[in-house]
Amino acid sequence: MAEGRIEAALLDLDGTLIDSLPALKVAYRRFLEAHGRAGSDEEFERWNGPPLAEVVAGVAAAHGIAGDARALFDEYLGLVERSYLDAAALAPGAEALLGWLERAGAKAAVVTSAPARLASSVLARNGVSERVATVVGGDDVARGKPAPDGYRQALARLGVSPERAIAVEDSASGVRAA
């Protein structure tokens, strides 16, 4: 290994590798509308980053939406999945970045607050799942972003030390996690 060589890039998914923020915003608005509530861009931005279960619990609490936490989560997740099918595409430069990492011999990992199954599905639909060595979702760790658990797990799965990896994030909670 060359001195100082980066062996892995740990990439956030939403808003970084996948331009999914429009899809997530649609899901957020549809969830609130289904419960007779309205959201705001400011509130949506505040919830950009934490695991989806935390987002659903926080949004439901802020808007006084009662119900079983698991049922509300499943409802919200269904809206996110449908929105992803319609609107989540690779972010500009994502394909080039993944190609560059391959040519440089560096592994790519996705570390996301989204459920791993959903992240893997959107990567496959966009034709890049074979370029990603591992996906660590918010449901794979006890503590989501801003805790570092997802990044630690990705490094362990890849067998790469933190000194040999870089992280690419777009949210304050993601940067703290990295």
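Residues numbered from 1 in each chain as written. Predicted model: local features only at pLDDT ≥ 70, side-chain atom pairs only at ≥ 80, totals over all residues. Heavy atoms only, no water.

**Student:** Would you take a moment to explain the nonpolar core for this structure?
**Tutor:** For soluble globular proteins, nonpolar side chains are generally found buried alongside one another. In this structure, Leu 13, Phe 31, Tyr 84 and Leu 123 are the most contacted members of the largest nonpolar core, which totals 40 residues. Every element with two or more residues in this core is listed here: strand E1 (8–11), helix H1 (21–34), helix H3 (52–62), helix H4 (69–87), helix H5 (94–104), strand E4 (107–111) and helix H6 (116–125). Element by element, the count of residues in this core is highest for H4, at seven residues. Ignoring sequence-local partners within four residues, the contact set of Phe 31 consists of Val 56, Val 59, Ile 65, Leu 72, Glu 75, Tyr 76 and Leu 79. In terms of nonpolar packing, the next biggest core, distinct from the first, is built from 13 residues, Leu 10, Ala 109, Ala 165 and Ala 177 among them. (Core = buried A, V, L, I, M, F, W, Y, C linked by side-chain atoms within 4.5 Å. Buried < 20%, exposed > 50% of the residue type's maximum accessible area, 1.4 Å probe, protein only. Helix = DSSP H or I, 4+ residues; strand = E, 2+ residues; numbered from the N terminus. Contact = heavy atoms within 4.5 Å.)

**Student:** I would appreciate a short explanation of the pattern of salt bridges in the present structure.
**Tutor:** Pairing of side chains with opposite charge becomes possible as their charged atoms draw close. Per the stated rule, a full pass over the model turns up 10 salt bridges. One salt bridge in this structure joins Arg 70 and Asp 74, with 3.2 Å as the shortest N-O distance. In this pair, Arg 70 and Asp 74 are both assigned in helix H4, four residues apart and thus about one turn of the helix distant. In this structure, Asp 149 and Arg 143 form a salt bridge, with 2.7 Å as the shortest nitrogen-oxygen distance. Judged by its relative accessible area of 45%, Arg 143 is partly exposed. Salt bridges sharing partners connect three or more residues here, namely Asp 12, Lys 145 and Glu 169. (Salt bridge = Lys/Arg side-chain N within 4 Å of Asp/Glu carboxyl O.)

**Student:** What should I look at first to understand the packing of H4 against H6 in this one?
**Tutor:** When two helices pack together, their arrangement is given by the angle between their axes and by how far apart the axes lie. At a minimum axis separation of 11 Å, H4 and H6 run at an interaxial angle of 10 degrees. As the angle between them shows, H4 and H6 are arranged roughly parallel. In contact with Leu 77, Val 80, Glu 81, Tyr 84 and Leu 85 of H4, H6 contributes Arg 117, Leu 118, Val 122 and Arg 125. Across the contact of H4 with H6, the residue classes tally to six nonpolar, no polar and three charged. (Axes fitted to C-alpha atoms, helices over the stretch in contact; angles between N-to-C directions. Parallel < 35°, antiparallel > 145°, perpendicular 65-115°, else oblique. Nonpolar A, V, L, I, M, F, W, Y, C, P; charged D, E, K, R; others polar.)

**Student:** I would appreciate a short explanation of the pairing of E1 in the present structure.
**Tutor:** Where a strand is regular, its side chains alternate between the two sheet faces. The alternating pattern of E1 places Ala 8 and Leu 10 and Ala 9 and Leu 11 on opposite faces, both of which are buried. Pairing of E1 with E4 involves four bridges; the strand directions are parallel. Counterpart to Ala 8 in the pairing with E4 is Lys 107. Pairing analysis gives four bridges linking E1 to strand E6 (residues 165–168), with the strands arranged parallel. Within E6, the position partnered with Leu 10 by the bridge is Ala 167. (Pairing = 2+ DSSP bridges.)

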